[in-house]
Amino acid sequence: MIAKARRVLGNIRLHREGGTKSRGRQLWEIFLLACKHRLSPVEYEAYGFFRREKTRAQMNTYLSNYEVTVKLRRPLYDGRFLVILNNKLLFNRFFSSFGLPLPELYGFLNTDSGFLPDGSRLTSREELAAWLARTSWDEMFIKPVGGLQGFNALIIRNTAGGKVLCGAAPLGEWTAEELYDQLFRDIPAGRFYFPGYIFEERIRQHPALSRLNASSVNTCRILTIKKKDGSVITPCAYIRMGKADSTVDNFSQGGVAAAVDMQTGILKQGTFNPRKGLSWTSVHPDSGAAIPGFQVPRWEEAKELARRAAAVIPGIRTVGWDVAITEGGTCLIEGNS
């Protein structure tokens, strides 16, 4: 309890620039909104409540993360079906069965139940090394079956001499056995819902998106809500852009996010993780590419793919879908509860 209180207090940032409320009023509003809505100091800042024009009536129209989690989700979620989203192996197999485009699944590495599509085992260092040696491949994307926020996700590339080159500094060049050891080493307790890793096709994003950031696939997070009549709406979306030294685009890994105009597919201002202090940017910090005004390619296709996925998942009526966009079309990457 004390640690939680310290964390909350540590997130309080009082603004002093022109056009903001007094620091005393900011503190008082943070206290009141925490009591009434369990709104966090991070949300207070992210929603711009410190600005003078934000009235109490306006602030009360917002939903806090707590209210979304506890009040909104309960009637929209049947928790028994969340495993489809939280387990990336099941996610791939489930949505592929409906003909939706997903990265090709090459294998599932698990210490006691791993397998390849042909039914052979993939459970040990030796089996991983033998599979990589006999298979013709250039690149693969590896991610934990139950991982969160891009943890332990990496790209591997085939090199001469029976080694793999891992595309996340400072990992470098490993043997297959060393790769196996690294994947199962020092995993924090409780980090993963489910054990093991999936090996997937590496998606090649649309060249326009690579101009924003080329090191990661910059996915669109598209929110869907399935109404009682079965129709699906897409109320909002944003694009995530990784930083130059990262193979993932996650906000929590230092990436940039920008809201997408739902009608036009044009980006608005970029922003960083508000937990580290609210800041906005008009350009990607590494590539220098302009963010506001950028046209997301194949935008209507991306929204339609999210709607198709939302239509077939049982029990879960609101999902944030991660959609990758390539020159040839769109691809479903993950669904977030």
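Computed from a prediction, not measured in an experiment: that's the story for all the values here.

On the secondary structure map, Thr 135 appears in the loop between α8 (125–134) and β2 (139–144). For Thr 135, the side chain forms a polar contact with the main-chain oxygen of Trp 131, separated by 2.6 Å.

Moving on, we get to the nonpolar core. One finds Phe 95, Leu 267, Trp 299, Trp 321 and Leu 332 to be the most contacted residues of the largest nonpolar core, which totals 40 residues. Contributions of two or more residues to this core are made by α6 (83–86), α7 (88–96), α10 (207–212), β7 (220–226), β8 (232–241), β9 (256–260), α11 (299–312) and β12 (318–325). Counting residues per element, this core draws most heavily on α11, at six residues. Once residues within four sequence positions are removed from consideration, Phe 95 is found in contact with Ile 84, Leu 100, Leu 102, Ala 309, Val 312, Ile 313, Trp 321 and Leu 332. The next biggest cluster of nonpolar side chains, apart from the first, holds 20 residues, and it includes Leu 109, Trp 137, Leu 154 and Ile 156.

Our focus in this paragraph is the confidence of the model for the chain. Per-residue pLDDT for the chain has a mean of 87; in total, 86% of the residues score no lower than 70. Put simply, helix α1 (residues 2–10) is where the chain has its lowest mean pLDDT, 67, and α11 is where it has its highest, 98.

The pairing of strands in a sheet comes from backbone hydrogen bonds and takes either a parallel or an antiparallel form. Pairing is antiparallel in the open sheet, where seven strands are placed in the order β11-β10-β9-β8-β7-β12-β13. The open sheet has two edge strands, β11 (280–281) and β13 (330–336), and neither has a second partner. Bridge count for β7 against β12 is six bridges, and the pairing is antiparallel. Within the sheet, the bridge partner assigned to Leu 223 lies in β12 and is Gly 320. Together, β12 and β13 form the strand contacts of α7, whose direction differs from that of β13 by roughly 135 degrees. The strands that α11 touches are β7, β8, β9, β12 and β13; relative to β7, the one it contacts most, it runs at about 45 degrees.

Another point: the packing of aromatic side chains. Taken as a whole, this structure holds 14 aromatic pairs when the rule is applied. Judged by centre distance (5.8 Å) and plane angle (80 degrees), the ring pair of Tyr 44 and Phe 49 falls under edge-to-face. Phe 49 shares its class with Tyr 44; the two are buried. The structure contains a cluster of three or more aromatic residues connected by ring pairs, namely Phe 91, Phe 94, Phe 95, Phe 98 and Trp 321. Seen from the ring of Tyr 66, Arg 38 lies directly overhead, with NZ or CZ sitting 4.2 Å from the centre.

Next up on the list: the environment of Leu 9. Position of Leu 9 relative to the elements: it lies in helix α1. In the structure, Leu 9 is positioned 31 residues away from Ser 40 in sequence and 9.7 Å away in space, judged by C-alpha atoms.

Because each turn of an α-helix spans 3.6 residues, side chains separated by three or four positions in sequence point in the same direction. Inspection of α8 places Leu 128, Ala 129, Trp 131 and Leu 132 among the buried residues, and these make up the whole buried set. Projected down its long axis, α8 carries its buried residues within an arc of 165 degrees, all on one side. Exposed side chains of α8 directed beyond 90 degrees from the buried face belong to Glu 126, Ala 133 and Arg 134.

What follows deals with the pattern of salt bridges. Taken as a whole and judged by the stated rule, the model has 17 salt bridges. Between Asp 78 and Arg 80 there is a salt bridge, with its nearest N and O atoms 2.8 Å apart. A relative accessible area of 68% means that Arg 80 is categorised as exposed. Residues Asp 181 and Arg 125 are paired through a salt bridge, measuring 2.5 Å at the closest nitrogen-oxygen approach. Here Arg 125 lies in helix α8 and Asp 181 lies in helix α9 (residues 176–183), a separation of 56 residues in the sequence. By sharing partners, the salt bridges in this structure join Lys 88, Lys 143, Glu 200 and Glu 334 into a single network.

What follows concerns the pairing of β7. Burial of β7 is extensive: five of the seven residues sit out of reach of the surface. Pairing of β7 with β8 involves six bridges; the strand directions are antiparallel. Across the sheet, the residue bridging to Cys 220 is Ile 239, located in β8. Following β7, the chain reverses through five residues before pairing antiparallel with β8; Gly 230 in that reversal takes a positive phi of roughly 90 degrees.

Calculation notes
- Residue positions are given per chain, counted from 1 along the sequence in the order it is written.
- Local features are withheld for residues below a pLDDT of 70 in this predicted model, meaning they are given only at 70 or higher, and side-chain atom pairs are given and counted only at 80 or more; totals for whole chains, interfaces and linings count all residues.
- Only heavy atoms go into the side-chain values, all of them from the structure, while hydrogens and water stay out.
- Numbering of helices and strands runs from the N terminus, with a helix taken as a DSSP run of H or I at least four residues long and a strand as a DSSP run of E at least two residues long.
- Counted as a polar contact is a pair of N or O atoms within 3.5 Å, where, for protein atoms, one must be capable of donating a hydrogen and the other of accepting one, and residues adjacent in sequence contribute only when both atoms are in side chains.
- In plain words, nonpolar cores are sets of buried Ala, Val, Leu, Ile, Met, Phe, Trp, Tyr and Cys residues tied together by side-chain atoms within 4.5 Å.
- Remark: exposure states derive from per-residue accessible area (1.4 Å probe, protein chains only) relative to the maximum for the residue type, with buried under 20%, exposed over 50%, and partly exposed in between.
- Residue contacts follow a heavy-atom distance rule, with two residues in contact if any of their heavy atoms lie within 4.5 Å.
- pLDDT is defined as a per-residue confidence score from the predictor, taking values between 0 and 100.
- The pairing criterion is simple: DSSP has to find at least two bridges between the two strands.
- Think of each axis as a best-fit line through the C-alpha atoms, taken over the contacting stretch in the case of a helix, with angles from 0 to 180 degrees between the N-to-C directions.
- Ring geometry is summarised as follows: Phe, Tyr and Trp rings, the Trp one being its six-membered ring, pair when their centres sit within 6.5 Å, and such pairs are stacked at plane angles under 30 degrees, edge-to-face over 60 and tilted between the two.
- Distance and angle both matter: a charge sits over a ring if NZ of Lys or CZ of Arg is within 6 Å of the ring centre and within 35 degrees of the ring normal.
- By arc we mean the arc of the directions from the helix axis to the C-beta atoms, nothing more.
- Any Lys or Arg side-chain nitrogen found within 4 Å of a carboxyl oxygen on Asp or Glu counts as a salt bridge.

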